[in-house]
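Here's the letter readout for the chains.
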Protein chains: 2
Amino acid sequence: MTASIQAYERLTRDLTVGRYAPGSRLPGERDLAGQLGVSRATLRLALSRLESEGTLQRSAQRGWFVPTQVLSEPPSTLQSFTEMARARGLRPTARVMRQEVRPASLDEAAKLRIAPAAPVLEIDRLRGMDGTPVCFDVVVLPSVHVEAMKDADLTDRSLYDELRRLCGIEVHRSAYTLMAESADADLARLLGITAGAPVLVGDEVAYTADGTPVLIGHNKYRGDAYRFEADLFRRA
Amino acid sequence: MTASIQAYERLTRDLTVGRYAPGSRLPGERDLAGQLGVSRATLRLALSRLESEGTLQRSAQRGWFVPTQVLSEPPSTLQSFTEMARARGLRPTARVMRQEVRPASLDEAAKLRIAPAAPVLEIDRLRGMDGTPVCFDVVVLPSVHVEAMKDADLTDRSLYDELRRLCGIEVHRSAYTLMAESADADLARLLGITAGAPVLVGDEVAYTADGTPVLIGHNKYRGDAYRFEADLFRRA
DNA sequence: GCCTTCCTATACCAGTTAGTCCAGTGCTGA
DNA sequence: TCAGCACTGGACTAACTGGTATAGGAAGGC
């Protein structure tokens, strides 16, 4: 049994036993090393291990702290499907079902601020997590990005990543609308649910930092497999 | 990550999110340092950085002020049902169906950060616009507000308004979760829809500016009569 | 003998803390 | 009108913190 493992186990015991209260600061590394009878370098090995498993939190030049069990606040940020899946430890998948250039509808032209019937690229994808289909995803890109994206392979890839890589475009803001609907027969078959089952429908217009529309999104999520989370703030 | 940078980011977030109104004075450096869990010297590093980029203005011997010109558009804003209806030119209604004190469940106690089985006030309301039922709304308030609110008349009134009037409480942030479900028979009858029709279910925990939980909300909206809109921002 | 691995000991650095003292501001009450 | 006073940011200090780099000792395998 090495000294660093002994120090680790001793600290683990002290922490589980409540010797150091949640939120409190541990004694300095020099003191702690003395108390445990090991050198500072050895103690730091043990502390790093405790940090990596979340038992302790380090704060440079301030000390080591016992985490408070306060649930973390989910920030109100825009996460792509890919990022969301990865944050949950799941593998995001995407099967491209359609990828073609067509004229923009009036509504799309208005949202993207382009001319009606100007060419747009529509990409339909069935998205899943760990293989289970979760969402049917339609994206419409304006003419300026058609050339760069019309032959891009978006299978199992993040659209946001490809937009950045191929067009140098960074999505900054997204106007999102959510509603609940019933699945029709086609959608039900794609998502593996029964017709009439509830789906969460998200309509999105994404913009760059300077306010240029980048894409229109239309997502239909399985009601039982997806929830939407956001932080809302009240205007002062 | 140094403590001063953490303090800087926390303040930036609070400012963009509207925690401190434009033109208002921040708490004194000593108070603010305490709130952020950082020493005054470290806080002043963060404040100086915010001043150099124009986010804050200092006034010696008086305090730190938020510039009057708006800094940036805040993320998705929180609108009460009442405000939302009025913004659409509709008359908000609310029929109180239940208003009683009961012990908190384990889950509620955790979310409200109170003791399990501590008394909470549950208020069930059927909310409508121009008389048409749109939403079944359950709110749970923690023990501290039970006395002030337990006999309040919330018929056709905004809960947020009454909280401000009777408890001096201002809701600042709300963590919102949305999902799609099917209406069961009871809910369908209340909302005047058929059983199995899609409903948009919102779960909410609302907080004051200092992070104290104020209420838990559980709202079930008619899928065909309500959409949820938000602006989401991508983390820089 | 020679290498690796683990540990100890020491020193220095930059960031942080707690504390003190100061002068200016703004309110209150005589 | 003015004195008193609580509070503010401004400035500074001494002590302490983790982060990092260095050198050396002890044990074990080859």
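Cut-offs and rules
Residues numbered from 1 in each chain as written. Chains lettered and ligands numbered in written order. Predicted model: local features only at pLDDT ≥ 70, side-chain atom pairs only at ≥ 80, totals over all residues. Heavy atoms only, no water. Axes fitted to C-alpha atoms, helices over the stretch in contact; angles between N-to-C directions. Helix = DSSP H or I, 4+ residues; strand = E, 2+ residues; numbered from the N terminus. Parallel < 35°, antiparallel > 145°, perpendicular 65-115°, else oblique. Contact = heavy atoms within 4.5 Å. Nonpolar A, V, L, I, M, F, W, Y, C, P; charged D, E, K, R; others polar. Near = heavy atom within 4 Å. Polar contact = N/O pair within 3.5 Å; in protein donor to acceptor, adjacent residues only side chain to side chain. Domains from an automatic or database assignment. Buried < 20%, exposed > 50% of the residue type's maximum accessible area, 1.4 Å probe, protein only.

**A closer look at the packing of helix 2 (residues 29-36) of chain B against helix 3 (residues 40-52) of chain B**
Residue and element names in this part refer to chain B.
Consideration 1: At their nearest, the axes of helix 2 and helix 3 sit 9 Å apart, and the two run at 100 degrees to each other. As summarised for this structure, helix 2 and helix 3 are arranged roughly perpendicular, according to the angle between their axes. On helix 3, the residues touching Glu29, Arg30, Leu32, Ala33 and Leu36 of helix 2 are Arg40, Leu43, Arg44 and Leu47.
Consideration 2: Across the contact of helix 2 with helix 3, the residue classes tally to 5 nonpolar, no polar and 4 charged.

**Considerations on the protein's contact with DNA strand D**
Consideration 1: Taken together, 26 residues are adjacent to DNA strand D, and A:Glu29, A:Arg40, A:Arg44, B:Arg40 and B:Arg44 come closest.
Consideration 2: By atom count, sugar and phosphate contribute 55% of the portion of DNA strand D lying within 4 Å of the protein.
Consideration 3: In this structure, a phosphate oxygen belonging to DNA strand D sits 2.6 Å away from a main-chain N or O atom of A:Glu29.
Consideration 4: A:Arg30 places a side-chain nitrogen or oxygen 2.9 Å from a base oxygen of DNA strand D.
Consideration 5: Those elements giving two or more residues to the surface near DNA strand D turn out to be helix 2 (29-36), helix 3 (40-52), strand 1 (57-59) and strand 2 (63-65) of chain A together with helix 2, helix 3, strand 1 (57-59) and strand 2 (63-65) of chain B.
Consideration 6: Of the residues contributing to the surface near DNA strand D, the split by class is 4 nonpolar, 8 polar and 14 charged.

**Considerations on the domain arrangement of chain A**
Consideration 1: One can read the domain layout of chain A as domain 1 (3-65) and domain 2 (71-228).
Consideration 2: On a C-alpha basis, the centres of domain 1 of chain A and domain 2 of chain A stand 45 Å from each other.

**Some words on the side chain of B:Arg222**
All names here are of chain B.
Consideration 1: Along the chain, Arg222 turns up in strand 8 (residues 213-222).
Consideration 2: Since its relative accessible area comes to 15%, Arg222 is described here as buried.
Consideration 3: Setting aside residues no more than four positions away along its own chain, Arg222 makes contact with Thr132, Pro133, Val134, Leu191, Gly192, Ile193 and Pro198.

**Digging into the protein's contact with DNA strand C**
Consideration 1: Not every one of the 22 residues close to DNA strand C is listed here, only the nearest: A:Ala3, A:Thr42, A:Arg62, B:Ala3 and B:Thr42.
Consideration 2: For DNA strand C, the fraction of atoms within 4 Å of the protein that belong to sugar or phosphate moieties is 67%.
Consideration 3: Between DNA strand C and the protein, one listed contact pairs a phosphate oxygen with a backbone N or O atom of A:Ala3 at 2.7 Å.
Consideration 4: Its residues assigned to classes, the surface near DNA strand C comprises 8 nonpolar, 10 polar and 4 charged.

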